[in-house]
Each structure stands twice: as structure tokens, then as C-alpha cells.
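Coordinate analysis (summary)
Now for the letters of each chain:
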Amino acid sequence: MATTPQMPETSLRLLRAISPALSAPAEALLLVTANTEPGTNPEDLGQRLADAVVHLPAPAVAAIGTGEVPADIREHARKLAERQGMADGAADLVMYFVRLWLRPGPELPAHAIEIAIACRDLWEERLRGVGGSGLTQVTCLPATSPEAWFRGALRCTSLATTANAPAGLIPDAV
């Protein structure tokens with residue numbers, strides 16, 4: 001009969017010591033732009049985006065601020081939309097500042113780009129054209145500068161947080 005090799009006691013202690021760190025909540029700062037149908041309420045859509053993160057492949061909670069799209073980005077989007085034959089394509093462009101906490105795992109590691117892709121895919125699947133959300137397209141990028149992200153977030157006009165979020169993900173110091 002074959003026997004299973006035993007892990008040395010020091011390895012077991014080390015594994016126990018680092019395992020809480022491996023499952024500790026991670027944080028991601030994301031910049032999201034959403035194209036919406038005319039008349040969509042940006043705050044309502046922000047709440048729907050926040051509530052949807054519970055469906056990520058890792059436990060997650062989000063705080064999402066609705067921000068103003070800078071004039072240069074709005075103008076660039078307008079010109080691009082006109083070239084593509086969508087005259088009002090930039091009229092309903094909304095910017096969101098997303099602060100996401102999650103418990104990373106094999107399905108969703110704590111890498112900002114992978115988190116941004118997972119959020120975008122989730123929102124496209126669950127909200128795009130569904131149930132009056134008003135979402136027609138969404139882009140999601142990790143913030144390149146936390147300082148710039150926080151400066152932008154200070155100008156948010158509303159804040160949505162995940163309803164029915166898993167407990168223990170938001171640090172006490174927030």
C-alpha cells in the first residue's frame with residue numbers, strides 16, 4: 001500500500017502563517033467609462049455596476065463614484081463617434097471611479113489588469129442592454145496613478161456601494 005508523504009512540521013507552520021496573507025482582501029482602483037442610452041440615470045447605473053460585482057469569480061465589494069467626463073475625452077469620443085456614423089455617440093458618456101476590494105483566488109488573482117477585464121466582462125454580460133440598465137458599452141482600465149485616481153474621485157457627484165456584499169472585505173481604515 002502506498003503512503004502519502006508527510007509535509008515537514010516547519011513547512012506546515014509556514015503555510016499556516018502565510019495563508020491569511022494569501023487570502024487577505026486586495027484592492028483595485030479602476031477607471032470606467034460607460035456609453036449609455038439617452039436618458040439613462042448615471043447614478044442608477046453606478047448602483048447596478050456596484051451590485052453586479054458580487055458575481056465576480058471571487059468575493060468582492062465596490063464603491064463606485066459617478067464623475068464628470070473631462071472635456072478633452074468627451075470631445076475625442078464625439079469626433080470618433082462622428083467618424084463612425086454615430087452623431088450622438090458621446091452625448092451619453094459617463095465616467096466612474098471604482099474602488100474594488102476582493103478576496104483573490106485562482107479564478108481571479110490580485111492583478112489590476114485581470115480585475116479590470118473581469119469587471120468589464122461581467123458588466124457587459126449582466127448589464128449591457130439588460131433590464132433597462134441603459135448600458136450600451138463599457139470600458140474598464142486600472143488606474144495608472146493612485147494619486148490621480150483619488151484626485152478625480154474627490155470630484156464625484158454620487159457614490160454607490162455594493163448591496164448584499166460579503167462581509168470583511170473593506171478595511172476598517174477606509
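Refer to the structure presented above.
Quick caveat: nothing in here was measured; it's all calculated off a predicted structure. (Residues numbered from 1 in each chain as written. Predicted model: local features only at pLDDT ≥ 70, side-chain atom pairs only at ≥ 80, totals over all residues. Heavy atoms only, no water.)

Things to note about the pattern of salt bridges
Filter applied, for reference: Here, a salt bridge means any side-chain nitrogen of Lys or Arg that lies within 4 Å of a carboxyl oxygen of Asp or Glu. Strands are runs of DSSP state E lasting at least 2 residues, helices are runs of H or I lasting at least 4, and numbering of each runs from the N terminus. Think of it in three bands: residues with accessible area under 20% of the maximum for their type are buried, residues over 50% are exposed, and the middle band is partly exposed, with areas taken using a 1.4 Å probe on protein chains only.
Taken as a whole and assessed by the stated rule, the structure comprises three salt bridges. Two residues, Arg99 and Glu27, come together in a salt bridge whose shortest N-O distance is 2.3 Å. Separated by 72 residues along the polypeptide, Arg99 in strand 3 (residues 93-102) and Glu27 in strand 1 (residues 26-36) bring together distant segments of the chain. According to the relative accessible area criterion, Glu27 is partly exposed, its value standing at 40%.

Describing the layout of surface pockets
Inclusion rule: Using a 1 Å grid laid over the protein atoms alone, points where a 1.4 Å probe fits but cannot get out form a cavity; open sets with protein on both sides within 12 Å along at least 5 of 7 lines form a pocket; any residue with an atom within 4 Å of a point counts as lining. Grid points are joined across faces, edges and corners, and a volume is the space filled by probe spheres set on the points. When residues are grouped by polarity, Ala, Val, Leu, Ile, Met, Phe, Trp, Tyr, Cys and Pro land in nonpolar, Asp, Glu, Lys and Arg in charged, and all others, Gly among them, in polar.
By volume, the second largest pocket is sized at about 240 Å³. Lining the second largest pocket are 16 residues; nearest its centre among them are Leu31, Phe97, Ala148, Gly152 and Arg155. Among the secondary structure elements, those contributing two or more residues to the lining of the second largest pocket are strand 3 and helix 5 (146-153). Here the lining of the second largest pocket is built from residues that sort into nine nonpolar, four polar and three charged.

Description of the packing of aromatic side chains
So the rule is basically this: Centre distance within 6.5 Å is the pairing criterion for rings of Phe, Tyr and Trp, where only the six-membered ring of Trp is used; planes under 30 degrees apart are then read as stacked, over 60 as edge-to-face, and the remainder as tilted.
Inspection of the entire model under this criterion finds two aromatic pairs. Seen from their ring centres, Phe97 and Trp149 are 6.0 Å apart, and the 70° between their planes marks the pair as edge-to-face. Of this pair, Phe97 sits in strand 3 while Trp149 sits in helix 5; the two residues are 52 residues apart in sequence, bridging distant segments of the chain. Each of the two residues, Phe97 as well as Trp149, counts as buried. Both rings, one in Trp149 and one in Phe150, keep their centres 4.9 Å apart while their planes meet at 85°; by these two values the pair is edge-to-face.

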